[in-house]
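The lines below spell out each chain.
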Amino acid sequence: MFRLGRYYAPFRAHRYNRFRVGFFLDSVFFQPRYYIHDPWAYRLPQVYGPYRWVRYYDDVALVDIYTGEVVDVIYDFFW
């Protein structure tokens, strides 16, 4: 578990929805400002190709940034 600054949703009226592997995120939720640029600092595995670790509220999702598909999720990673 890691403590990080406050998360700001891309839309004001958006509320947290827990998603699962196979869910497709809208690209606004995996813009570079939500990327975890140094996964090693958070003890996350390094990723390559179209995959990026993305912060979504207190969760971390591994997202294929070409398709938006969530391929892995760690719930309640940030607290």
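Residues numbered from 1 in each chain as written. Predicted model: local features only at pLDDT ≥ 70, side-chain atom pairs only at ≥ 80, totals over all residues. Heavy atoms only, no water.

Examining the sheet that holds strand β3 (residues 70-74)
Strand-to-strand pairing in sheets goes through backbone hydrogen bonds, with the strands running parallel or antiparallel. Operational definition: We call two strands paired when DSSP finds no fewer than two bridges between them. What counts as a helix is a DSSP run of H or I of at least four residues, what counts as a strand is a run of E of at least two, and both are numbered from the N terminus. Axes, fitted as lines to C-alpha atoms, cover a helix only where it is in contact. Angles between the N-to-C directions of the axes lie from 0 to 180 degrees.
With antiparallel pairing, 3 strands are arranged side by side in an open sheet as β1-β2-β3. A single partner strand is all that each edge strand has here, and the edge strands are β1 (51-56) and β3. Neighbour-to-neighbour, the strand axes of this sheet turn through a mean angle of 25°, independent of strand direction. Pairing geometry for β1 and strand β2 (residues 59-64), over 6 bridges, is antiparallel.

Re the packing of aromatic side chains
Basically, it comes down to this: Pairing of aromatic rings covers Phe, Tyr and the six-membered ring of Trp, with a centre-to-centre limit of 6.5 Å; geometry is then stacked below 30 degrees between planes, edge-to-face above 60, and tilted otherwise. The buried label goes to any residue with under 20% of its type's maximum accessible area, the exposed label to any with over 50%, and the partly exposed label to all in between, with areas taken from a 1.4 Å probe on protein chains only. For a lysine, the NZ atom is tested; for an arginine, the CZ atom; a charge sits over a ring if that atom is within 6 Å of the ring centre and within 35 degrees of the ring normal.
Summed over the entire model, instances satisfying the criterion amount to 3 aromatic pairs. Look at Phe 19 and Phe 23: their rings are 5.6 Å apart centre to centre, the planes differ by 10°, and that puts the pair in the stacked class. Using a relative accessible area of 4% as the deciding quantity, one classes Phe 19 as buried. Taken together through their ring pairs, the aromatic side chains of Phe 19, Phe 23, Tyr 56 and Tyr 57 make up a single cluster. Between Arg 18 and the ring centre of Tyr 75, over which it is positioned, the NZ or CZ distance is 4.0 Å.

A closer look at the confidence of the model for the protein
Rules: Confidence of the predictor in every single residue is expressed as pLDDT, which spans 0 to 100.
Residues of the protein with pLDDT of at least 70 account for 81%, and the chain-wide mean is 84. Least confident of the elements in the protein is β1, whose mean pLDDT is 92; most confident is β3, at 95.

Re the side chain of Asp 59
Rules: Residues adjacent in sequence count toward polar contacts only when both atoms are side-chain atoms; beyond that, a polar contact is any pair of N or O atoms within 3.5 Å, and within protein one must be able to donate a hydrogen and the other to accept it. By definition in these notes, contact holds between two residues if any of their heavy atoms fall within 4.5 Å.
Its place among the elements puts Asp 59 in strand β2. Polar side-chain contacts of Asp 59 include one of 2.8 Å to the backbone nitrogen of Asp 76. Setting aside its immediate chain neighbours within four residues, Asp 59 contacts Tyr 16, Val 54, Ile 74, Tyr 75, Asp 76, Phe 77 and Phe 78.

Notes on the nonpolar core
Taken as a class, soluble globular proteins show a tendency for nonpolar side chains to be buried jointly. What counts is decided by this rule: Among buried residues, those of type Ala, Val, Leu, Ile, Met, Phe, Trp, Tyr and Cys that are joined through side-chain atoms within 4.5 Å constitute a nonpolar core.
Ranked by size, the top nonpolar core spans 14 residues in total, and within it Phe 19, Leu 25, Val 54, Val 63 and Val 70 carry the most contacts. Elements with a contribution of two residues or more to this core: β1, β2 and β3. Membership of the second largest hydrophobic core comes to 9 residues, among which are Val 47, Leu 62, Phe 77 and Phe 78.

A look at the pairing of β3
Two strands pair when backbone bridges link them, and β2 and β3 are joined in this way by 4 bridges, in the antiparallel orientation. The residue bridging Ala 61 from the neighbouring strand is Val 73, located in β3. Counting the residues between successive antiparallel strands, the hairpin from β2 to β3 contains 5 residues, one of them, Gly 68, with a positive phi of roughly 90°.

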